[in-house]
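# What the coordinates show
So the chains spell out like this:
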Amino acid sequence: MLSNKLKNITPSYTIGISSKVAQLQEKGISICNLSIGEPDFNVPIKAKDVAIDALNNNKTKYDSVSGVNELKQEIIRKLKDENNANYDLDEIVISSGAKHAITNTLISILNPGDEVLVPKPYWVSYPEMIKLCSGVPVFVDTDRKNNFKITVSDIKKNISSKTKMLFLSNPSNPTGAIYTREELENIVDICIKNNIYILADEIYEKISYEDDFVSIASLSSKAKDITITINGFSKSVAMTGMRVGYSASNKTISRGISTVQGHLVSHPSTISQWCAYGALKYCSNDIDDMVKIYKKKRDLAIDMLSKINYIDYIYPKGAFYMFIDISNLKNKLDYKDSFSVEFCDKLLSNNNVAAVPGIAFGMDDYIRISYACSEENLVNGIKGIEEFVNSLL
Ligand SMILES: Cc1ncc(COP(=O)(O)O)c(C=O)c1O
């Protein structure tokens with residue numbers, strides 16, 4: 001009854017966890033939920049005010065497919081001032097969230113059977129998005145010693161005549177690793193030489209604690225030409241439910257993305273776009289305040305996790321996740337198919353803590369927690385992890 005395409009699609013692990021959490025909560029059990037990648041903040045007031053004004057002023061008609069002009073202008077300003085990348089108006093398309101910007105891009109670029117390099121660990125939706133858009137995800141192993149950041153030699157091992165694109169999540173979900181300028185330059189070089197587009201998912205750009213974040217498109221005009229930069233407002237301004245993201249790409253690709261978007265959704269909600277405009281124009285201080293709080297929680301999480309025996313983690317320089325290595329506990333738990341799923345199931349049922357199994361990101365020896373939650377939830381959740389680990393020993 002359903003399409004062949006859907007038969008290959010894995011249901012979302014994160015949605016599976018959320019429904020288990022909901023079932024337990026319905027029974028009155030209180031859960032420390034560390035599984036959700038959603039900021040624990042409200043949309044900043046100034047952004048809300050702009051959205052409310054837009055509604056009151058009836059900015060509710062169909063608008064341009066590629067997005068509200070004022071927001072596109074503001075994005076161009078931001079890309080220039082903050083990322084040192086110059087774009088024209090017809091190189092920006094605003095979509096209903098970064099997810100939508102990514103799928104628009106894939107529909108515009110991929111032919112059936114085209115291969116897309118996906119570094120492991122990957123964000124859960126990448127492989128499924130690629131498959132839904134007729135592409136073939138090619139998973140690329142990366143080195144733990146390099147904090148799982150992909151290198152030129154990792155890429156070389158996986159290039160074929162069908163390779164069309166490389167996905168790069170920077171800062172990374174799930175590891176929080178951030179690429180240096182030099183690392184990005186090397187990646188761009190090999191992609192230019194092999195005619196490979198780079199889908200640069202920079203949605204966690206603002207949440208970067210130590211080194212300066214470098215946007216790939218800023219590296220050179222050639223780098224800009226092969227890169228489709230994806231960004232959005234869900235993580236940086238806590239606007240998850242407003243659904244606004246965007247792509248910045250060369251004119252040909254942008255035109256393709258607009259064509260796809262025009263037929264599928266016309267454009268994202270105008271009121272949400274005005275909210276995003278308000279966020280860009282008036283809320284940089286709110287963003288800085290949120291990032292300070294994430295950094296405090298990251299340091300707290302590192303401090304607590306460092307004291308737990310048998311586990312280790314990737315040191316996160318950005319985003320709001322910790323990717324925790326549980327491989328030393330593998331022989332302490334009976335499991336059938338997936339160690340990380342069994343670990344997370346038991347952690348939830350025995351200690352009321354929800355985390356995401358690493359297999360969702362292609363790595364079964366890990367789990368991912370998010371610290372974008374309340375401090376109380378974070379502290380109790382990590383205490384729960386410690387108790388669970390100790391119960392296995
Ligand atoms: C790496 C990455 N890209 C894109 C998205 C999607 O963001 P949006 O809410 O803008 O669709 C997420 C959300 O979790 C993400 O982690």
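Everything numeric in this text was worked out from a predicted model, so none of it was measured.

What counts and what doesn't
Residues numbered from 1 in each chain as written. Predicted model: local features only at pLDDT ≥ 70, side-chain atom pairs only at ≥ 80, totals over all residues. Heavy atoms only, no water. Pairing = 2+ DSSP bridges. Helix = DSSP H or I, 4+ residues; strand = E, 2+ residues; numbered from the N terminus. Axes fitted to C-alpha atoms, helices over the stretch in contact; angles between N-to-C directions. Contact = heavy atoms within 4.5 Å. 1 Å grid on protein atoms, 1.4 Å probe; cavity = no way out; pocket = protein on both sides within 12 Å on 5 of 7 lines; lining within 4 Å. Points joined across faces, edges and corners; volume = space filled by probe spheres on them. Nonpolar A, V, L, I, M, F, W, Y, C, P; charged D, E, K, R; others polar. Near = heavy atom within 4 Å. Polar contact = N/O pair within 3.5 Å; in protein donor to acceptor, adjacent residues only side chain to side chain. Sits in = over half its atoms within 2 Å of the grid points. Domains from an automatic or database assignment. Buried area = accessible area lost by both parts, 1.4 Å probe. Salt bridge = Lys/Arg side-chain N within 4 Å of Asp/Glu carboxyl O. Buried < 20%, exposed > 50% of the residue type's maximum accessible area, 1.4 Å probe, protein only. Core = buried A, V, L, I, M, F, W, Y, C linked by side-chain atoms within 4.5 Å.

### A closer look at the sheet that holds strand β6 (residues 197-201)
- If you trace the seven strands from one edge of the open sheet to the other, you get β2-β8-β7-β6-β5-β3-β4, paired in mixed fashion. For this open sheet the edge positions go to β2 (92-95) and β4 (136-140), each flanked by a neighbour on one side alone. Between one strand axis and the next, the sheet turns by 20° as a mean value, whatever way the strands run.
- In the sheet, strand β3 (residues 115-119) pairs with β4 via five bridges, with the strands oriented parallel. Residue pairing for β4: Pro119 is matched across the bridge by Val140.
- Its contacts with the sheet place helix α4 (residues 69-83) against β2, β7 (227-232) and β8 (245-248), and it is angled at close to 115° to β2.
- Contacting β5 (163-169) and β6, helix α8 (residues 181-193) crosses the sheet at an angle of about 165° to β5.

### Considering empty space enclosed by the protein
- This model, assessed by the stated rule, comprises two cavities of 30 Å³ or more.
- In this structure, the largest cavity encloses a volume near 130 Å³.
- Only β3 and β5 provide two or more residues apiece to the lining of the largest cavity.
- Here the lining of the largest cavity takes three residues from β5, the largest share from any one element.
- Across the lining of the largest cavity, the residue classes break down as 11 nonpolar, four polar and two charged.
- Computed from the structure, the second largest cavity encloses a volume of approximately 90 Å³.
- Along its surface, the second largest cavity is lined by 13 residues, and Lys78, Lys206, Gly232, Ser236 and Leu280 are the ones closest to its centre.

### Some remarks on the site of the ligand
- The local shell around the ligand holds 13 residues, among which Ala98, Asp201, Tyr204, Ser234 and Lys235 are the closest.
- Contacts to the ligand include Lys99, whose backbone N or O atom sits 3.0 Å from an oxygen atom.
- One of the side-chain N or O atoms of Lys235 is found 2.7 Å from an oxygen atom in the ligand.
- A majority-of-atoms criterion places the ligand in the largest pocket.

### Remarks on the sheet that holds strand β13 (residues 366-370)
- Taken together, four strands build an open sheet; the order of strands is β9-β10-β13-β12 and the sheet is antiparallel. Single-partner strands in this sheet number two, and they are β9 (312-313) and β12 (356-357).

### Comments concerning the domain arrangement of the protein chain
- Under the domain assignment, the protein chain is made up of domain 1 (4-42 + 285-392) and domain 2 (45-282).
- The C-alpha centroid of domain 2 is placed 25 Å from the C-alpha centroid of domain 1.
- Listed per partner, the contact involves 37 residues of domain 1 and 34 residues of domain 2.
- Between domain 1 and domain 2, roughly 3,200 Å² of surface is buried when both sides are summed, and carbon and sulfur atoms account for 59% of that area.
- On the domain 1 side of the interface with domain 2, the three residues burying the most area are Ile314, Lys317 and Phe361, jointly 20% of the side's total.
- One can count three salt bridges joining domain 1 with domain 2.

### Focus: the environment of Ile190
- By the secondary structure assignment, Ile190 is in helix α8.
- Given the relative accessible area of 6%, Ile190 is considered buried.
- Those residues in contact with Ile190, other than ones at most four positions away along the chain, are Val152, Ile155, Lys156 and Ile159.

### Thoughts on the nonpolar core
- Grouped together as the largest cluster of nonpolar side chains are 109 residues, with contacts concentrated most on Leu71, Phe233 and Phe343.
- Here this core gets eight residues from one element, more than from any other, and that element is helix α12 (residues 284-306).
- Both of domain 1 (4-42 + 285-392) and domain 2 (45-282) provide at least three residues apiece to this core.
- Those residues in contact with Leu71 that sit more than four places away from it in its chain are Ile94, Phe233, Val244, Gln273, Ala276, Tyr277 and Leu280.

### Things to note about the side chain of Asp114
- With respect to the helices, strands and loops of the structure, Asp114 is situated in the loop between α5 (98-109) and β3.
- A residue is classified by how much of its surface remains accessible, and Asp114, at 12% relative accessible area, is buried.
- A distance of 2.7 Å separates the side chain of Asp114 from the backbone nitrogen of Asn111, its partner in a polar contact.
- Those residues in contact with Asp114 that lie beyond four places of it in its chain are Ile109, Ser134, Gly135, Val136, Lys162 and Lys164.

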